[in-house]
Number of protein chains: 2
Amino acid sequence: MPSTGARSETEPRAHTGRRRNEATRHAVLTAAVRLLRDADHGPLTLPVIAAAAGVGKQTVYRWWSTPGEVLLEALAEQASAQVPTPDTGSLDGDLRVFLQSSLRGAADPATAPVLRGLVREAARDEQAAGLMRTFTATRRAALRRLLLRHADRFAPDVDVDLLVDQAYGLLWYRLLIGHAPLDDDTARRLAEGLVAAAVGGVAPPG
Amino acid sequence: MPSTGARSETEPRAHTGRRRNEATRHAVLTAAVRLLRDADHGPLTLPVIAAAAGVGKQTVYRWWSTPGEVLLEALAEQASAQVPTPDTGSLDGDLRVFLQSSLRGAADPATAPVLRGLVREAARDEQAAGLMRTFTATRRAALRRLLLRHADRFAPDVDVDLLVDQAYGLLWYRLLIGHAPLDDDTARRLAEGLVAAAVGGVAPPG
DNA sequence: CCTTTATCGAGACTCATTGTCTCGACAAGA
DNA sequence: TCTTGTCGAGACAATGAGTCTCGATAAAGG
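Below you will find a few notes about this structure. (Residues numbered from 1 in each chain as written. Chains lettered and ligands numbered in written order. Predicted model: local features only at pLDDT ≥ 70, side-chain atom pairs only at ≥ 80, totals over all residues. Heavy atoms only, no water.)

### Some words on the relation of the copies chain B and chain A
Of the two same-sequence chains, chain B is brought onto chain A (RMSD 0.1 Å, axial shift 0.0 Å) by a rotation of 180°. Both copies are brought into coincidence by an operation consistent with a two-fold rotation axis. The overlap is high: 100% of the interface residues of chain B also sit at the interface in chain A, so the same surface is used on both sides. (Least-squares fit on C-alpha atoms with pLDDT ≥ 70 in both. Contact = heavy atoms within 4.5 Å.)

### Quick word on the pattern of salt bridges
Scanning the model with the defined rule gives 24 salt bridges over all chains in all. The salt bridge partner of Asp 185 of chain A is Arg 188 of chain A, with a shortest N-O separation of 2.5 Å. One end of the pair, Asp 185 of chain A, and the other, Arg 188 of chain A, are both in helix 9 (residues 184-199), 3 residues apart, so they sit about a helical turn from each other. Asp 94 of chain B is paired through a salt bridge with Arg 149 of chain B; the nearest N and O atoms lie 2.7 Å apart. Within this pair, whereas Asp 94 of chain B is found in helix 5 (residues 91-107), its partner Arg 149 of chain B is found in the loop between helix 7 (126-148) and helix 8 (160-177), the two being separated by 55 residues in sequence. Judged by relative accessible area, Arg 149 of chain B falls into the partly exposed class, the value being 43%. Salt bridges here are not isolated pairs; linked through shared partners, they connect Glu 22, Arg 25, Glu 73 and Glu 77 of chain A. (Salt bridge = Lys/Arg side-chain N within 4 Å of Asp/Glu carboxyl O. Helix = DSSP H or I, 4+ residues; strand = E, 2+ residues; numbered from the N terminus. Buried < 20%, exposed > 50% of the residue type's maximum accessible area, 1.4 Å probe, protein only.)

### Topic: the protein's contact with DNA strand D
As a structural note, the neighbourhood of DNA strand D is formed by 21 residues, with Gly 17 and Trp 63 of chain A together with Arg 19, Thr 45 and Lys 57 of chain B the closest of them. Within 4 Å of the protein, the atoms of DNA strand D are drawn from sugar and phosphate moieties in a proportion of 63%. One nitrogen or oxygen atom from the side chain of Arg 18 of chain A is found 3.0 Å from a base oxygen belonging to DNA strand D. A distance of 2.6 Å separates a base oxygen of DNA strand D from a polar atom in the side chain of Lys 57 of chain B. (Near = heavy atom within 4 Å. Polar contact = N/O pair within 3.5 Å; in protein donor to acceptor, adjacent residues only side chain to side chain.)

### Some points on the packing of helix 8 (residues 160-177) of chain A against helix 8 of chain B
Following both chains from N to C, one finds helix 8 of chain A and helix 8 of chain B inclined at 95°, their axes separated by 7 Å at the closest point. It follows that helix 8 of chain A is roughly perpendicular to helix 8 of chain B by the angle criterion. Residue-level inspection shows Asp 161, Leu 162, Asp 165, Gln 166, Tyr 168, Gly 169, Leu 170, Trp 172, Tyr 173 and Arg 174 of chain A of helix 8 of chain A in contact with helix 8 of chain B, the latter providing Asp 161, Leu 162, Asp 165, Gln 166, Tyr 168, Gly 169, Leu 170, Trp 172, Tyr 173 and Arg 174 of chain B. Here the residues of the contact of helix 8 of chain A with helix 8 of chain B sort into 10 nonpolar, 4 polar and 6 charged. (Axes fitted to C-alpha atoms, helices over the stretch in contact; angles between N-to-C directions. Parallel < 35°, antiparallel > 145°, perpendicular 65-115°, else oblique. Nonpolar A, V, L, I, M, F, W, Y, C, P; charged D, E, K, R; others polar.)

### Concerning the protein's contact with DNA strand C
Contacts to DNA strand C come from 21 residues, most closely from Thr 45 and Lys 57 of chain A together with Thr 16, Gly 17 and Trp 63 of chain B. Sugar plus phosphate, as a fraction of atoms of DNA strand C within 4 Å of the protein: 61%. Gly 17 of chain B places a main-chain nitrogen or oxygen 3.5 Å from a base oxygen of DNA strand C. At 5 residues, the largest contribution of residues to the surface near DNA strand C is made by helix 3 (residues 57-63) of chain B. Class assignment of the residues belonging to the surface near DNA strand C gives a composition of 5 nonpolar, 9 polar and 7 charged.

### Observations concerning the interface of chain B and chain A
The parts lose accessible area when they come together, and the size of an interface is often stated as this lost area. Tallying the contact residues gives 32 residues for chain B and 32 residues for chain A. When the area that chain B buries against chain A is broken down by residue, the three leading residues are Leu 162, Tyr 173 and Arg 189 of chain B, summing to 22%. Applying the counting criterion to the chain B and chain A interface returns 2 salt bridges. For Arg 174 of chain B, the salt bridge is made with Asp 165 of chain A, and the minimal N-O distance between the two is 2.6 Å. On inspection of chain B and its partner chain A, the count reaches 8 residue pairs in polar contact (both at pLDDT 80 or more). Of the residues forming the side of chain B that touches chain A, the biggest block, 11 residues, is contributed by helix 8 of chain B. Along the lines of polarity and charge, the residues of the side of chain B that touches chain A split into 16 nonpolar, 7 polar and 9 charged. (Buried area = accessible area lost by both parts, 1.4 Å probe.)

### As for the environment of Thr 136 of chain A
Residue placement: Thr 136 of chain A occurs in helix 7 (residues 126-148). When its relative accessible area of 1% is taken as the criterion, Thr 136 of chain A is described as buried. Spatially, the C-alpha atom of Thr 136 of chain A lies 10 Å from that of Asp 165 of chain A, the residues being 29 residues apart in sequence. If we ignore the near neighbours within four places in the chain, the residues touching Thr 136 of chain A are Trp 172 of chain A together with Tyr 173 and Ile 177 of chain B. Of note is the side chain of Thr 136 of chain A, whose polar atom sits 3.0 Å from the backbone oxygen of Arg 133 of chain A.

### Concerning the nonpolar core
Soluble globular proteins: nonpolar side chains tend toward being buried together. If you look at the biggest cluster of nonpolar residues, it comprises 62 residues, and the most contacted ones within it are Leu 95, Leu 99, Leu 147 and Trp 172 of chain B. With 9 residues, the top contributor of residues to this core is helix 8 of chain B. Here Leu 147 of chain B is in contact with Leu 91, Leu 95, Phe 154, Val 160, Leu 163 and Val 164 of chain B, once residues within four sequence places are set aside. Residues Leu 29, Val 83 and Leu 91 of chain A together with Tyr 173 of chain B belong to the second largest nonpolar core, which totals 61 residues. (Core = buried A, V, L, I, M, F, W, Y, C linked by side-chain atoms within 4.5 Å.)

### Concerning the environment of Gly 169 of chain A
Within the secondary structure layout, Gly 169 of chain A lies in helix 8. Exposure remark for Gly 169 of chain A: the relative accessible area of 0% places this residue in the buried category. Along the chain, Gly 169 of chain A and Pro 84 of chain A lie 85 residues apart, while their C-alpha atoms are 19 Å from each other. Not counting residues up to four positions away in its chain, the partners in contact with Gly 169 of chain A are Gly 169, Leu 170 and Tyr 173 of chain B.

Written as structure tokens, this is what we have:
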């Protein structure tokens, strides 16, 4: 028995023993994202991640219990949640800049496979599905705020959520099916169409 | 050796032996769709399908080599490829009827899980992915034809494919994320918005 | 009626993979 | 130096996919 007999039960001890290896943790996270991107691999499992990271299986199982947990930490780490909030002064300009940025990001060869892999895992793992719901909800909220800044120009009963889902629906639909591009011209036309739908099919006076 | 010595080599024989059991074949197909719908099961594999159909594994492996093949035959069998082509005389009316029918079909509790399951399999199996590409391409073509019937009302440089993908993008996006409904009011508003985008943000004279 | 051919269900079998357990080595504090 | 906890590596059982074999059965022709 240690000499310090009295100890708080709620806080048993600060820490003893060898500390966690940050390099190993980072290797696991990057390996998980790399596997998600490569896509030629089958389902993302912890042994596969461990092998790709050059790490013992036990090390991975010690810190994470599912691949979804690894992805959650990895994608949160990459801080990719930053969404631009342009302010060009006009609804048309803000929307065009936002959509061009979003479509460009989604079509980027470095990130598109990661997004597709996220969908693949979300279809299989409930935890990954929750991660994806949070991810998309953040993006929708940003676009919703952008639109509501110009709500004074809208027709009386415009459904803002419908406009938001048309934009992100098109993004994910084309990203997953891959039948049509997600380029700047698409973003420009999409912005024009959404503005036309929002203002109610009537040309603005000014 | 049989008495009929002479026989064509290109056409060895019509058929001999026990014939294929149609009831068994049907049981396999319906079991596959049922498993796709239930979704609580893991990946769709041939042994799982065989067990669900109450059929020997060898019987399933004899006729199909992948779950994607089973799904292909099952969904083709159900003839769910029939897409309505309304003709109400007006762009607005045609579009509203078409979208209400499509959104209703996608949100139907009997079919929505099947569509989600199809996405799940498409994310895992390349054959199922091809099936889904064909499935969605058929739907896009139908909506595209509907829109082009009223192309005379469109603004000069309207991108019809963009309109189509806004509609189906919203459908799949809401179907998969599940954050907003796919009801008749959504279809009505979506039709209005697409018309406004198509005619170019200017109110029609008549 | 009998033979031939091919399907059917059932189960044994191999193989790959997941997740657990154990081990010796090592690092960081006490 | 001792204790504690992490590390990589590998053994291990459990699970499941895909292959193979078996006896039973059904459809045709002789």
